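What the coordinates show
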Amino acid sequence: MEPLRQLAEDKLKGRKVIAVMSAKGGVGKSVISSLLALSIGKGTLLIDMDVHTMATAKLFGFNSMHNVGKGGLEPFSVGGIGLISLSGVVKDNYVLLPGNNVGKVMESLVAYVNMEGFKTVVFDLPPGLGEELLTLERLTGNRFTSLIVTTPSKVSIKVVEYLVRYLKERRVNGFLVVNMSYFNCGKIVRPFGGIDEAKSLSERYGIPLFEMPIDPSIEEFVGKVQDYRGDLKKSLEKIATSL
Amino acid sequence: MHEWSVADGIVRTVSTWARENNFSEITMVKVGIPSFTFLEVDILKEAFNEIKKGTPLNNSTLEVEFLSASFKCRNCGNSFSEDQVREQLDSIRSEFGEEYPLHLMPALSPSFLSCLRCGSHDLVVEVQDIMVKEVEVKGHGTIKTVS
Ligand SMILES: [Zn+2]
């Protein structure tokens, strides 16, 4: 019997779980997770499961340690939501782990979080199909909604099809989010190519597609993403209402 | 302080197991804990005695067995014991103080420890995390629960 696994399962029970995923890195997954969690707003807990990069804490500008009380690990409170990151446990040490340990660390991170007052949990998963996804399936019994992030790039779309196919097979609800899809400068421009491939993927697997605008100003908000109010946030607010 | 969460996990796990097996009273729970976590037994027992109230564990005692970890390097094949990496463990503890990460998450150990022969972090750790090892059920005796 593994007490931490039981505790982690129980904590996710009765809460809405959303997993933000991508097939490859560099598609803006952490920015999307952060803005999505902020868009859903009050009662949302964002857990950074990309344990090797811990990018989410950096987007919000956190470099302190989590407090641990009787109720468990206390999330950072920011922009009306809660944030949990392994960086709040390991400080600025790197994290490099054999696969089996990744699952254990993820399980205990979920088990120890004080989720009192949170109705929705958003997981920022690392790119690809790996241990973190398997652990999330174990802990939720596949009861979660996935947001699959890609760019319009042909390579990204081709790779993302594995993820879409896998989740379909596992009967996990999904949304396809095409990040950096268009630039609005009075008229719509698509510097990274059209989205025909993404549309075809969305139709073939019957998963809804959302297009996200390119907003270069997001770079200025690294370290204070909670203050960003631009077009990308507005587009995520639309997704938040349809989840 | 996360001893409270650990106790919560132990009570939940054993209660669920007792209900599934129609056992109404548990008299003893024995857990195995990696010794390099330096978990505080006094706090764990205090929390256990508080949380168990009103569950099938109400009249049970908690026994804790500290298990010394052993490591095997997947890179060079070297095996070593917890005692042999005592210096590394001490230096992590002095860097972090009370918020020692392996206290909270022993599964992080390969990231913080390295092989004594080749320096690799590619370590298989035998004792990974907290386990319920034995449960004593009234009228049924002791049942081993480690698979
Ligand atoms: Zn070695």
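- As recorded by an unreviewed UniProt entry, chain B carries the name Hydrogenase maturation factor HypA and is attributed to Sulfuracidifex metallicus DSM 6482 = JCM 9184.
- As stated in UniProt under Sequence similarities (unreviewed entry), the record for chain B gives "Belongs to the HypA/HybF family."
- Here chain B is described in UniProt, under the heading Function (unreviewed entry), as follows: "Involved in the maturation of [NiFe] hydrogenases. Required for nickel insertion into the metal center of the hydrogenase."

- In the annotation of an unreviewed UniProt entry, chain A is listed under the name P-loop NTPase and assigned to Sulfuracidifex metallicus DSM 6482 = JCM 9184.

**A word on the side chain of threonine 120 of chain A**
Residue and element names in this part refer to chain A.
- Secondary-structure assignment places threonine 120 in strand E7 (residues 120-124).
- Judged by relative accessible area, threonine 120 falls into the buried class, the value being 10%.
- What threonine 120 contacts, discounting residues up to four positions off in sequence, is Lys16, Ile18, Ile40, Gly43, Thr44 and Leu45.

**Topic: the UniProt feature "binding site: Zn(2+)" (unreviewed entry) in chain B**
All names here are of chain B.
- UniProt annotation of "binding site: Zn(2+)" (unreviewed entry) refers to Cys73, Cys76, Cys115 and Cys118 when read in the numbering used here. These annotated residues cover 46 residues of sequence, and their C-alpha atoms lie no more than 8.6 Å from one another, placing them together at a single site.
- Locating cysteine 73 in the fold gives a position in strand E3 (residues 70-73).
- For cysteine 73, a relative accessible area of 1% translates into the label buried.
- Beyond its immediate stretch of four places on either side in the chain, cysteine 73 contacts Asn78, Cys115, Cys118, Ser120, Asp122 and Leu123.
- Of note, cysteine 76 is situated in the loop between E3 and strand E4 (79-81).
- Cysteine 76 sits in the partly exposed class, given a relative accessible area of 26%.
- Here cysteine 76 is in contact with Cys115, Arg117 and Cys118, once residues within four sequence places are set aside.

**A word on helix H9 (residues 231-242) of chain A**
All names here are of chain A.
- In a regular helix each residue adds 1.5 Å, so 12 residues correspond to 16 Å; H9 covers 18 Å between its end C-alpha atoms and thus fits that length.
- Those residues of H9 that fall on the buried side of the exposure criterion are Leu232, Lys233, Ser235, Leu236, Ile239 and Ala240. Angularly, the buried residues of H9 cover 160 degrees about the axis, an arc narrow enough to put them on a single face. For H9, the exposed residues lying more than 90 degrees away from the buried face are Lys238 and Thr241.
- Contacts from the buried residues of H9 go to helix H2 (29-40), strand E8 (145-150), strand E9 (173-184) and strand E11 (209-213).

**Observations concerning the coordination of the zinc ion**
All names here are of chain B.
- Coordination of the zinc ion by the protein involves Cys73 (SG), Cys76 (SG), Cys115 (SG) and Cys118 (SG), with metal-donor separations of 2.3 to 2.4 Å.
- Angles of 106 to 113 degrees at the metal separate the 4 donor atoms of the zinc ion, which places the site in the tetrahedral class.
- Looking at cysteine 118, the relative accessible area reads 35%, which means it is partly exposed.

**With respect to unusual backbone geometry**
- The phi angle at methionine 54 of chain A is positive, at roughly 50 degrees, despite the residue not being glycine.
- Residue lysine 91 of chain A is not a glycine yet carries a positive backbone phi of 60 degrees.

**With respect to the interface of chain A and chain B**
- With 32 residues of chain A at the contact, the number on the chain B side is 35 residues.
- Both faces combined, the contact of chain A with chain B buries some 3,100 Å², and carbon together with sulfur accounts for 66% of it.
- At the surface where chain A touches chain B, the tally comes to 1 salt bridge.
- A salt bridge links aspartate 10 of chain A to arginine 12 of chain B, with the shortest nitrogen-to-oxygen separation between them at 2.9 Å.
- Where chain A meets chain B, there are 7 residue pairs in polar contact (both at pLDDT 80 or more).
- Every element with two or more residues in the side of chain A that touches chain B is listed here: helix H1 (3-12), strand E3 (68-69), strand E4 (72-73), helix H4 (87-90) and helix H5 (99-112) of chain A.
- A per-class count over the side of chain A that touches chain B returns 18 nonpolar, 9 polar and 5 charged.

**Some words on the layout of surface pockets**
- Estimated volume of the largest pocket: approximately 400 Å³.
- Around the largest pocket, the lining is made up of 21 residues, and of these Met1, Glu98, Glu99, Tyr100 and His103 of chain B lie nearest the centre.
- For the lining of the largest pocket, the secondary structure elements donating two or more residues are H4 of chain A together with helix H4 (101-104) of chain B.
- For the lining of the largest pocket, the element with the highest residue contribution is H4 of chain B, accounting for 3 residues.
- Lining the lining of the largest pocket are residues from two domains, each supplying at least three of them: domain 1 (1-68 + 127-146) and domain 2 (69-126) of chain B.
- Quantified by volume, the second largest pocket comes out at close to 300 Å³.
- Along the walls of the second largest pocket sit 17 residues, with Gly28, Val31, Leu59, Ile218 and Glu219 of chain A positioned nearest its centre.
- Where the lining of the second largest pocket is concerned, the elements lending two or more residues are H2, helix H3 (55-60) and E9 of chain A.

Cut-offs used in this document
Residues numbered from 1 in each chain as written. Chains lettered and ligands numbered in written order. Predicted model: local features only at pLDDT ≥ 70, side-chain atom pairs only at ≥ 80, totals over all residues. Heavy atoms only, no water. UniProt positions renumbered as here; feature names shortened; annotations may be inferred. Helix = DSSP H or I, 4+ residues; strand = E, 2+ residues; numbered from the N terminus. Buried < 20%, exposed > 50% of the residue type's maximum accessible area, 1.4 Å probe, protein only. Contact = heavy atoms within 4.5 Å. Expected span 1.5 Å × (residues − 1). Arc of directions from axis to C-beta. Donors = N, O, S within 2.8 Å, 3.2 Å for Na, K, Ca; no water. Tetrahedral: all angles 85-135°; square planar, octahedral: opposite > 155°, others 65-115°. Buried area = accessible area lost by both parts, 1.4 Å probe. Salt bridge = Lys/Arg side-chain N within 4 Å of Asp/Glu carboxyl O. Polar contact = N/O pair within 3.5 Å; in protein donor to acceptor, adjacent residues only side chain to side chain. Nonpolar A, V, L, I, M, F, W, Y, C, P; charged D, E, K, R; others polar. 1 Å grid on protein atoms, 1.4 Å probe; cavity = no way out; pocket = protein on both sides within 12 Å on 5 of 7 lines; lining within 4 Å. Points joined across faces, edges and corners; volume = space filled by probe spheres on them. Domains from an automatic or database assignment.

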